[in-house]
Amino acid sequence: MSMSSSTPRHFLDIKDHSAETLRHILKIAAQVKALQKGRTQPLHPKTPLAGRSLGLMMSQPSTRTRVSFEVGMKQLGGTVSVLSPSDMQLGRGETIADTARVLSRFLDVIVLRTGQDTNLRELAKWSSIPVINGLTPVSHPIQILADILTFEEHRGPVEGRTFAWVGDGNNVATSFIEASARLGFSLRLATPEGFNPSETAVKWARENGGNITLTRDPHEAVKGADAIITDTWVSMGDKDAERRHQIFRPYHVDEALMAEAASDAIFLHCLPAHIGEEVSEAVFESDASVVFDEAENRLHSQKGLLLWCLGHDDLSSHTA
Ligand code: CP
Ligand code: NVA
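Model, not experiment: these values are computed from the prediction.

Undergrad: Would you take a moment to explain the site of ligand 2 for this structure?
TA: Around ligand 2 sit Leu 135, Asn 170, Asn 171, Asp 231, Thr 232, Ser 235, Met 236 and Leu 271, and those are all the residues in its vicinity. With respect to ligand 2, the side chain of Ser 235 contributes an N or O atom lying 2.7 Å from a nitrogen atom. In the environment of ligand 2, an oxygen atom lies 2.8 Å from a nitrogen or oxygen atom belonging to the backbone of Met 236. Starting from 270 Å² of accessible surface for ligand 2 in isolation, the protein chains cover 93%. For ligand 2, the cavity whose grid points lie within 2 Å of the majority of its atoms is the largest pocket. Counted by class, the shell around ligand 2 contains 3 nonpolar, 4 polar and 1 charged residues.

Undergrad: Quick question: what am I supposed to make of helix α5 (residues 141–155) here?
TA: Residues spaced three or four apart along an α-helix face the same direction, because each turn holds 3.6 residues. An ideal rise of 1.5 Å per residue puts 21 Å on 15 residues; α5 measures up with 21 Å between its terminal C-alpha atoms. Burial analysis of α5 places 11 of its 15 residues in the buried class, the great majority of the element. Looking at α5, one finds that the buried residues are Pro 141, Ile 142, Gln 143, Ile 144, Leu 145, Ala 146, Asp 147, Ile 148, Leu 149, Thr 150 and Phe 151. Downstream of α5 by one or two residues, Gly 156 has phi in the positive range, about 85°.

Undergrad: Please explain the site of ligand 1 as it appears in this structure.
TA: Around ligand 1 sit Ser 62, Thr 63, Arg 64, Thr 65, Arg 113, His 140, Gln 143, Cys 270, Leu 271 and Arg 298, and those are all the residues in its vicinity. Thr 63 is positioned with one of its backbone polar atoms (N or O) 2.7 Å from an oxygen atom of ligand 1. One of the backbone nitrogen or oxygen atoms of Cys 270 is found 2.9 Å away from a nitrogen atom of ligand 1. Of all the cavities here, the one that holds ligand 1 is the largest pocket. For the shell around ligand 1, the class distribution of residues is 2 nonpolar, 5 polar and 3 charged.

Undergrad: In this structure, what is going on with the sheet that holds strand β5 (residues 162–166)? I would like to understand it.
TA: The parallel open sheet is built from 5 strands, whose spatial order is β7-β6-β5-β8-β9. Either end of the sheet is taken by a strand with one partner, and the two such strands are β7 (212–215) and β9 (266–269). For this sheet, the mean inter-axis angle between neighbouring strands, taken without regard to orientation, is 20°. Relative to strand β8 (residues 227–230), β5 runs parallel, the two sharing 3 bridges. Along β8, the bridge assignment pairs Ala 164 with Ile 228.

Undergrad: What am I meant to see in the packing of α5 against helix α12 (residues 291–309) here?
TA: Packed helices, taken two at a time, are described by the angle their axes make and the gap between the axes. Running from amino to carboxyl end, α5 crosses α12 at an angle of 115°, the nearest separation of the two axes being 8 Å. Taken together, α5 and α12 sit at an angle that is classed as roughly perpendicular. Along this stretch, α5 crosses α12, giving a crossing that reads as right-handed. Residues Ile 142, Gln 143, Leu 145, Ala 146, Asp 147, Leu 149, Thr 150, Glu 153 and His 154 of α5 pack against Asp 293, Glu 294, Asn 297, Arg 298, His 300, Ser 301, Gln 302 and Leu 305 of α12. For the contact of α5 with α12, a count of residues per class yields 5 nonpolar, 7 polar and 5 charged.

Undergrad: Just to check I follow, could you spell out helix α4 (residues 117–126) for this structure?
TA: Within α4, burial applies to Asp 117, Leu 120, Leu 123 and Ala 124. Down the axis of α4, the buried set is contained in an arc of 125°. They therefore lie on one face. Along α4, exposed side chains directed more than 90 degrees from the buried face belong to Thr 118 and Lys 125. Each element contacted by the buried residues of α4 is listed here: α3 (96–106), β3 (109–113) and β4 (131–133).

Undergrad: Is there a simple way to explain the pairing of β5 in this structure?
TA: Each regular strand carries side chains that alternate between the two faces of the sheet. When you tally the buried positions in β5, you get 5 out of 5 residues, the bulk of the element. Burial of the side chains of β5 extends over both faces: Thr 162, Ala 164 and Val 166 are buried on one face and Phe 163 and Trp 165 on the other. A crossover links β5 with its parallel partner strand β6 (residues 186–190), the connecting element being helix α6 (residues 171–183), and its sense is right-handed.

Thresholds applied
- Every chain is numbered on its own, with residues counted from 1 as its sequence reads.
- All chains are assigned letters beginning at A, and all ligands numbers beginning at 1, according to the order in which they are written.
- Reporting in this predicted model follows two pLDDT cut-offs: at least 70 for local features of residues, and 80 or more for side-chain atom pairs to be given and counted; totals over whole chains, interfaces and linings ignore these cut-offs and use all residues.
- Hydrogens and waters are ignored; side-chain quantities use all the structure's heavy atoms.
- In this text, near means that some heavy atom of the residue lies within 4 Å of the molecule or strand in question.
- Identification of polar contacts relies on pairs of N or O atoms within 3.5 Å, with a donor-acceptor requirement for protein atoms, meaning one able to donate a hydrogen and the other able to accept it, and with residues adjacent in sequence counted only if both atoms are side-chain atoms.
- Every accessible area reported is derived by Shrake-Rupley at a probe size of 1.4 Å, with residue values counting cover from the shown protein chains alone.
- Cavities and pockets were defined on a 1 Å grid built from protein atoms only: a cavity is a group of points that admits a 1.4 Å probe but offers it no way out, a pocket is an open group of points flanked by protein on both sides within 12 Å along at least five of seven lines, and a lining residue is one with an atom within 4 Å of any such point.
- Molecules are considered to sit inside a cavity or pocket once more than half of their atoms lie within 2 Å of its grid points.
- Amino acids are sorted into nonpolar (Ala, Val, Leu, Ile, Met, Phe, Trp, Tyr, Cys and Pro), charged (Asp, Glu, Lys and Arg) and polar (every other residue, Gly among them).
- Secondary structure follows DSSP: runs of H or I at least 4 residues long count as helices, runs of E at least 2 residues long count as strands, and numbering of each begins at the N terminus.
- Here, expected helix span is obtained from the residue count minus one, scaled by 1.5 Å.
- Each residue is placed in one exposure class: buried if its accessible area under a 1.4 Å probe, protein chains only, is under 20% of its type's maximum, exposed if it is over 50%, and partly exposed if it falls in between.
- If DSSP finds at least two bridges between two strands, the strands pair.
- Fitting a line to C-alpha atoms yields each axis, with helices limited to the stretch in contact; the angle taken between N-to-C directions then spans 0 to 180 degrees.
- Roughly parallel means an angle under 35 degrees; roughly antiparallel, over 145; roughly perpendicular, 65 to 115; everything else is oblique.
- Throughout, a crossing is termed right-handed when the near helix is turned clockwise from the far one, and left-handed when it is turned anticlockwise from it by less than a right angle.
- Residues count as neighbours in contact if any of their non-hydrogen atoms are within 4.5 Å of one another.
- What the arc describes is the spread of directions from the helix axis to the C-beta atoms.
- Clockwise travel from the first strand over the helix to the second, with the strands pointing away from the viewer, marks a crossover as right-handed.

The values are spatial; any link to function lies outside them.
In structure tokens form, the structure reads like this:
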């Protein structure tokens, strides 16, 4: 409901933010997680986002993003309106520009998950309140906040470490590429022909100090890596599932592939997972797999993000 003329704190892509800002958001996330786990004194007041409203606009299915934002906003004292674009006048042709300007008068922050990246950019352009990218076919930056938080909880700073991406060069891969340049870890991506990671993201990362290696060979990518990451072979909106299942078969992450990584390598997956496809059951259920910590960290990292977007990012002013 902000009427201020200053630029809202959108969170559309990792590359839009400096390492300092990303580190700041991650620090708040770790603080709110410690608070929730009772490891530190409670906030005072306990509800820094009381009176603030989040609009969750989800035009595609979601479990983690939707529930973690809804629960996280409520835990911080705010309210949530879950909006299905098809039930809004948007579905009958009202423009995104008008929708953004109207919602900006009611709400304080919007999360949008959309099958068209241009919708996100248009919403952010017209919105006078922060807009958060809740996943588009192009990128998934909020996932990477949780992934970094998870790696660092298990293995310490990502800086100087090596991550291996195996599979589709998709939206999650793009956000990882951007994060590798911003946060100083090396990233090797093994993708089949025709499913390369975004050329734009790779070019941007390399121009911004990123150490990105592209290969077709999963074995080359994972050799000695500190983390192996994969994702579904068929993302929302992909229409060629059968063909993909054939092409991606050599990119299946199993115990033999994990054994080629560092001896303490962890396995990350944004979920939902397809056991027997991109990952074997043995890897998914192994001690190296931290996928449910990763899912939990969606909640904590997004609470950190909401506090940052809404300018409540100095938690020291909320301690008793
Ligand atoms: N990883 C992720 O974004 O999950 P959902 O699709 O369930 O939100
Ligand atoms: N790449 C997947 C991620 C789901 C969270 C998709 O876009 O469907």
